[in-house]
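# Chain and residue survey
Here are the chains, one letter per residue:
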Amino acid sequence: MTEPPVIRTARRRYSTVCVLFWLPLGLAIAPQVLLFTERGMTMAAIAGFFAAHSLTAAALELPTGGLSDVLGRRAVLATAGLLNMVALVLVGLGSAPWLLGLGMALVGAGRALSSGPAEAWYVDTVQAHCGPDAELRTGLARGAAATSAALATGTLVGGALPWLLGLGPDLGARLGTATSGLVLPLSVPMLLGAAVEVVFVLYVLAALREPPRPAASARDVLRGVPATVLDGLRLASRDGLVRRVLLSAGAAGGALATIELLTPGRAAALTGTTESGAVLFAALACAGFLCHALGSHLAPLAARLAGGSERAILVSLGASASGVLLLGATAAFSGVGSTVLAAVGYALVYLGLGAAGPSENDLLHRRVASAGRATALSVQSLALQLTAALTGLVIGFLPAGPPRWLLGGTVLFAGAALWLRRGGPTPPTPGTTPEPHAASPVLSAADSRGYLDRPE
């Protein structure tokens, strides 16, 4: 059966929003720490900047998800873009610690605001036109693939641009001299990212159309957001399938924390210097994003071959956990053979996580209706962040070498094991009597209004 044009349009807009939002953040990955160092910041100060980012994102994750469900997807996404634009300008141009810390906190706020609205917009749009049983996985997979591709591209461009500015006539030095050191070569990727954020905000306002929501006063918002958040938490506690999706997100966070904490040091040890190790890590990060994009693209095929979303998640997370353990097994050895195996393990981690994500979210969206969809996605993101933070703390107390990698692999294998048993039936169509296993009635009332719009 031919798909309605509105569905193809929604997928295209969803993928475009994913690219425009994540490309600026990808541009900042490679030069960020080096820029802080160039500005004279100590490692303790840099750690504080990242803590400001993480704590702000974690604190605002649930309230901002509820805000999206109350005020609308487009307004919250546009606000996230504006915050990121200001943040990138502050990080790119700031030299005082408080300015840099404020910039990183604003990045965390923008990340929290963006967690859910675009994807919730896409699912709302598809279900409004095709019903609650509409096929979601393909669009979710394309959005995830677009996100990974944007991060990979941004990482490469952000790492290469300062180096390119130093070639030939050394435009970077001239730029620094002309601005009295305000704009350094390492600042340019941040400022380029801020320009992309302007495009993102304009695109969101123009393309993500949604039906008008009832006018909400500040009092209505303050009352509605906590209620929506509580509904999301109740759903997570009562619905076994949703709980497994959230726990799987947490397991993925533990694995990612392991990879991101341990890979830079391993790259530096492999190349012999921190500078060359940083270049290698940038290349590895790019490769990881590309593997994640490939896994996301293959998610619908994986679900068909595995016989459903739940089996696909089991296989994908199992493959990813095997990759972490392969990295651990090769940590104590050197040589070409162990390096090749480590590279295979690294690719498996991201390939498996990419393949699992769309199937997990496909199941999640069939349990949660429009009224609480962004909140549910925020709970999922919060589970990932908190588990990542806890895993990072535990890794710091473990001896160097394989034991640290073993922790991340064990956590991810535990997440895969959750899918060894099948869950209950999908909640009934809105308006029918819920089954005992169905989602919370508060979040299972579908919104039948049609519109074309899409969130992350």
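Here the structure is a predicted model, which means the values were calculated and not measured.

A count of helical and extended segments in the protein chain gives 17 helices and zero strands. Taking all contacts inside the protein chain whose residues are at least 6 apart in sequence as the whole, residues at least 24 apart take part in 84%. Accessible area of the protein chain: about 19,100 Å², with a carbon and sulfur share of 71%.

Next up on the list: the pattern of salt bridges. Enumeration according to the criterion identifies four salt bridges in this entry. For Glu310, the salt bridge identified is with Arg244, shortest N-O distance 3.6 Å. Residue Glu310 is located in helix H14 (residues 309-329), and its partner Arg244 is located in helix H11 (residues 240-271); the two are separated by 66 residues in the primary sequence. The class for Arg244 is buried, based on a relative accessible area of 5%. Its salt-bridge partner being Arg366, residue Asp362 comes within 3.3 Å of it at the nearest N-O pair.

Confidence in the prediction of the protein chain, expressed as mean pLDDT, is 79, and 82% of residues score 70 or more. Confidence, read as mean pLDDT per element, is least for helix H10 (residues 218-238) in the protein chain (61) and greatest for helix H9 (residues 188-207) (94). Segment residues 425-456: pLDDT under 50, and 109 contacts once partners within four positions in sequence are set aside and those in other chains are kept.

Let's shift gears to the environment of Ala150. Positionally, Ala150 belongs in helix H7 (residues 137-165). By relative accessible area, which is 4% here, Ala150 ends up buried. Sequence separation between Ala150 and Leu23 is 127 residues; the distance between their C-alpha atoms is 4.8 Å. Apart from the residues lying within four places of it in its own chain, the contact partners of Ala150 are Cys18, Val19, Trp22 and Leu23.

The biggest cluster of nonpolar side chains holds 39 residues, and the ones touching the most others in it are Val17, Leu77, Tyr122, Phe200 and Val204. If you list the elements that add at least two residues to this core, you get helix H1 (5-29), helix H4 (73-93), helix H5 (97-114), helix H6 (117-130), H7, H9 and helix H12 (274-297). For this core, the leading source of residues is H1, giving 10 residues. If we ignore the near neighbours within four places in the chain, the residues touching Val204 are Val17, Arg74, Leu77 and Ala78.

So, about H1. In this model, H1 (25 residues) spans 36 Å end to end at C-alpha, consistent with the 36 Å of a helix rising 1.5 Å per residue. A large share of H1 lies buried, amounting to 18 of its 25 residues.

What counts as what
- Residue numbers run consecutively from 1 along every chain, following the written order of its sequence.
- Whole-chain, interface and lining totals are the exception, using all residues; otherwise, since this is a predicted model, local features are given only for residues with pLDDT of at least 70 and side-chain atom pairs are given and counted only at 80 or more.
- Excluded from the side-chain calculation are hydrogens and water; included are all heavy atoms of the structure.
- Only DSSP runs of H or I covering at least 4 residues are called helices, and only runs of E covering at least 2 are called strands; the numbering of each starts at the N terminus.
- By definition, residues are in contact when any of their heavy atoms lie within 4.5 Å.
- Per-residue accessibility takes into account occlusion by the displayed protein chains alone, with areas from the Shrake-Rupley method and a 1.4 Å probe.
- In what follows, salt bridge is the name for a side-chain nitrogen of Lys or Arg lying within 4 Å of a carboxyl oxygen of Asp or Glu.
- We call a residue buried when its accessible area falls under 20% of the maximum for its residue type, exposed when it is over 50%, and partly exposed in between, using a 1.4 Å probe and counting protein chains only.
- As a per-residue quantity, pLDDT reports the predictor's confidence and falls between 0 and 100.
- Among buried residues, the Ala, Val, Leu, Ile, Met, Phe, Trp, Tyr and Cys ones that are joined through side-chain atoms within 4.5 Å form a nonpolar core.
- Take the residue count of a helix, subtract one, and multiply by 1.5 Å to get its expected span.

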